Amino acid sequence: QVQLVESGGGLVQAGGSLRLSCAASGSIFSINTMAWYRQAPGKQRELVARVISGGSTNYADSVKGRFTISRDNAKKTLYLQMNSLKPEDTAVYSCNALIVSTAEPVGRNYWGTGTLVTVSS
């Protein structure tokens, strides 16, 4: 069984910072791409940032220069450092990862349950 558990969400004022974490656990053989998505009320889920196993990253235009995605492969943990937060960043942020488990030799997409980030004006 593979699990992704996010933490670090909360309420912050505009201009503030938060750091999200996503810890992967279970019968993991390897982790490829890891990403953060978000879904604001009444809107579709969107990709925020993504990092592949080699370290290359890409970001949504709306967060470039403000958010930084990183991963600690030894800890099987994904991070999202969010600075200069804006009210429009308010959303549920979910972790996503392409993981090969020890139970089967194929990669599957796993999702965390999400963590709420609320930015007040």
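Relevant structure appears above.
Residues numbered from 1 in each chain as written. Predicted model: local features only at pLDDT ≥ 70, side-chain atom pairs only at ≥ 80, totals over all residues. Heavy atoms only, no water.

A. Representation of the sheet that holds strand β8 (residues 77–82) in the model. Judged by pairing direction, the sheet is antiparallel, and its four strands sit side by side in the order β1-β3-β8-β7 without closing on themselves. Looking at which strands have only one partner, the edges of the open sheet turn out to be β1 (2–7) and β7 (67–72). Looking at each pair of strands side by side, their axes are set apart by 15° on average, direction ignored. Bridge count between β1 and strand β3 (residues 18–26): six bridges; the pairing is antiparallel. By the bridge assignment for β3, Ser7 is matched with Ser21. (Pairing = 2+ DSSP bridges. Helix = DSSP H or I, 4+ residues; strand = E, 2+ residues; numbered from the N terminus. Axes fitted to C-alpha atoms, helices over the stretch in contact; angles between N-to-C directions.)

B. Structural detail: unusual backbone geometry. Phi is positive for Lys76, which is not a glycine, with a value near 55°. With respect to the helices and strands, the residue Lys76 is situated in the loop between β7 and β8.

C. Summary view of the pattern of salt bridges. As enumerated under the stated definition, the model contains five salt bridges in all. Through salt bridges with shared partners, a single network forms among Arg38, Glu46, Arg66 and Asp89. (Salt bridge = Lys/Arg side-chain N within 4 Å of Asp/Glu carboxyl O.)

D. Geometry of the packing of aromatic side chains. Scanning the model with the defined rule gives one aromatic pair in all. The aromatic ring of Tyr37 is capped on one face by Arg45, whose charged end is 5.9 Å from the ring centroid. Over the face of the ring belonging to Trp111 we find Arg45, whose NZ or CZ atom lies 3.9 Å from the ring centre. (Phe/Tyr/Trp six-rings, centres within 6.5 Å; stacked < 30°, edge-to-face > 60°. Lys NZ or Arg CZ within 6 Å of the ring centre and 35° of its normal.)

E. View of the nonpolar core. If you look at the biggest cluster of nonpolar residues, it comprises 31 residues, and the most contacted ones within it are Trp36, Leu80, Met82, Tyr93 and Ile99. Looking at this core, the element that brings in the most residues is strand β9 (residues 91–101), giving five residues. For Met82, the residues in contact, after removing those within four places along its chain, are Gly16, Ser17, Leu18, Leu20, Arg66, Phe67, Tyr93 and Val117. (Core = buried A, V, L, I, M, F, W, Y, C linked by side-chain atoms within 4.5 Å. Buried < 20%, exposed > 50% of the residue type's maximum accessible area, 1.4 Å probe, protein only. Contact = heavy atoms within 4.5 Å.)

F. Focus on the pairing of β9. Across the eleven residues of β9, eight count as buried, placing the element largely inside the fold. As judged from the nine bridges shared by strand β4 (residues 28–39) and β9, these two strands associate in the antiparallel manner. Its bridge partner being in β9, Gln39 is matched across the sheet by Val92. Here β9 pairs with strand β11 (residues 115–120) via three bridges, running antiparallel. Among the inter-strand pairings, Val92 is bridged to a residue of β11, identified as Leu116. Where β9 and strand β10 (residues 107–111) come together, five bridges link them in antiparallel fashion. Looking at the pairing, Asn96 lines up with Trp111 of β10. The hairpin turn running from β9 into β10, its antiparallel successor, is five residues long.

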